[in-house]
Amino acid sequence: MSEDEPDEGLEPSFSPTPQAQARAGIERALGGIGHVLVVMSGKGGVGKSTVAVNVAAALKTRGFDVGVLDLDITNPNTPRMLGLDGFRFEGSGPFEPPVVEGIPVASSAFFRPPGRALAWRGPMKQKMITDLFQRVAWPDLDVLVLDLPPGTSDEPLSVSELVPSEMLSAVLVSTPQGVSQDDVALNFKFAVTVEMPVVGVVENMSPFTCACGREHAVFGRGGGEALAEKMDVPLLGQIPIDPALREAGDEGSVFVLEHEGSDAASAFERIACALASRFE
Ligand code: ADP
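Think of each chain on its own: its residues are numbered from 1, step by step along the sequence as written. Thresholds applied to this predicted model are a pLDDT of at least 70 for local features of residues and 80 or more for the giving and counting of side-chain atom pairs; totals over whole chains, interfaces and linings are not thresholded and use all residues. Side-chain metrics rest on all non-hydrogen atoms present in the structure, leaving aside hydrogens and water.

Chemist: Could you clarify how one ought to interpret the layout of surface pockets in this entry?
Modeler: Any empty space left between atoms is shown by rolling a water-sized probe over those atoms. A cavity here means a set of points on a 1 Å grid, drawn over the protein atoms and nothing else, where a 1.4 Å probe fits but cannot get out; a pocket is an open set with protein on both sides within 12 Å along at least five of seven lines, and a residue lines either one if it has an atom within 4 Å of a point. Grid points are joined across faces, edges and corners, and a volume is the space filled by probe spheres set on the points. Its volume calculated, the largest pocket comes out at about 470 Å³. Lining the largest pocket we find 26 residues, and of these Gly45, Gly47, Thr50, Met81 and Met205 sit closest to its centre. Secondary structure elements follow DSSP: runs of H or I of four or more residues count as helices, runs of E of two or more count as strands, with numbering from the N terminus. Sorting elements by how many residues they give to the lining of the largest pocket places helix α8 (residues 243-251) first, with four residues. When residues are sorted by character, Ala, Val, Leu, Ile, Met, Phe, Trp, Tyr, Cys and Pro go into the nonpolar class, Asp, Glu, Lys and Arg into the charged class, and all the rest, Gly among them, into the polar class. Looking at the lining of the largest pocket residue by residue, the classes come out as ten nonpolar, nine polar and seven charged. Space inside the second largest pocket adds up to approximately 220 Å³. Pro76, Asp85, Ala109, Pro114 and Gly115 are the residues nearest the centre of the second largest pocket, which is lined by 16 residues in total.

Set out below in structure tokens:
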């Protein structure tokens, strides 16, 4: 062996960690995606999926190419809300996401038989999240909207680790009442800790006016405004309670497209308008 030739036996050999491999794969998968909009909340049942689906559709109407990725691994509701209940990915991928109203959609539900409950710890969820980014053949998109489960645990943590922070915008969803405000305030602290930029609060299930003209504040009033002030972020919109919104979700039709001009649809439009300037 000449002096110039390295002795291969002495060369250090590094193999990337699974985490580094996942990040590299995700960076490739996100190559055609401009922004990732994270819809999250510390509280369950406040309307995260509803907001994710309808804001995605409102952005699409404004001319953005938008996709929806359901990252609620154990209780995915987005498929039903978009009329994709029972849809399954076949084969070993890459998987073509089904398209609803021009919006490509993927969910962990597409990988398993309907009705199967999961009892998964963090690493299994992380693997599924990585697969949903990497093995789905996402087209070029201006915005990929992520529908997250409640809390500050595995799923949002994985997103903050896998998606570059400069691509992320987080919207926090809260209902007006105190218990929701408490949980979303913690969610905000989490977002700050993991460097996920919070672009605003959406108040859902806000007071509504019934046909007789009386206003009903079922979950109280002013909570979203108080939260936004406390966290020093904009209040992007207030979506009133509307039974048609619940019906649309159950039936798999997109409310904002079916009920144009209603108070709730106008609220979604305003939220999309506020976000659009960030995505242009
Ligand atoms: P999360 O994703 O936070 O668990 P969902 O989006 O699944 O919440 O909403 C919970 C339930 O409340 C769903 O049945 C949904 O259709 C309904 N819902 C959400 N927002 C409203 C609203 N503004 N008016 C009426 N029903 C709503």
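Don't stop here, the text continues.
Chemist: For this particular structure, what's the right way to read the environment of leucine 59?
Modeler: Within the secondary structure, leucine 59 is located in helix α2 (residues 48-61). Along the chain, leucine 59 and alanine 276 lie 217 residues apart, while their C-alpha atoms are 7.2 Å from each other. Contact definition: two residues touch when any of their heavy atoms are within 4.5 Å. If near-sequence neighbours (up to four positions away) are discounted, leucine 59 is found in contact with Phe64, Val66, Ala272 and Phe279.

Chemist: Help me understand the site of the ligand in this model?
Modeler: Neighbouring the ligand are 15 residues, the closest being Gly47, Lys48, Ser49, Thr50 and Asn204. Within the side chain of lysine 48, an N or O atom sits 2.7 Å from an oxygen atom of the ligand. Side-chain polar atom of asparagine 204 to a nitrogen atom of the ligand: 2.9 Å apart, as the coordinates give it. Methods summary: accessible areas were calculated by the Shrake-Rupley approach with a probe of 1.4 Å, and residue burial reflects only the protein chains presented. In isolation the ligand exposes 560 Å². Once the protein is present, 83% of that is buried. Molecule-in-pocket calls rest on the fraction of atoms, with more than half required to lie within 2 Å of the cavity or pocket grid points. Under a 2 Å grid-point criterion requiring more than half of the atoms, the pocket assigned to the ligand is the largest pocket. Elements that contribute at least two residues to the shell around the ligand include exactly α2, β7 (198-206), β10 (235-240) and α8. Broken down by element, the residue count for the shell around the ligand peaks at three residues, all from α2. Broken down by class, the residue content of the shell around the ligand amounts to seven nonpolar, five polar and three charged. We call a residue near a molecule or strand when any one of its heavy atoms sits within 4 Å of it. Distance and chemistry together define a polar contact, namely a pair of N or O atoms within 3.5 Å, with one atom able to donate a hydrogen and the other to accept it when in protein, and with adjacent residues in sequence counting only for side-chain atoms on both sides.

Shape is all these values report; function is a separate question.
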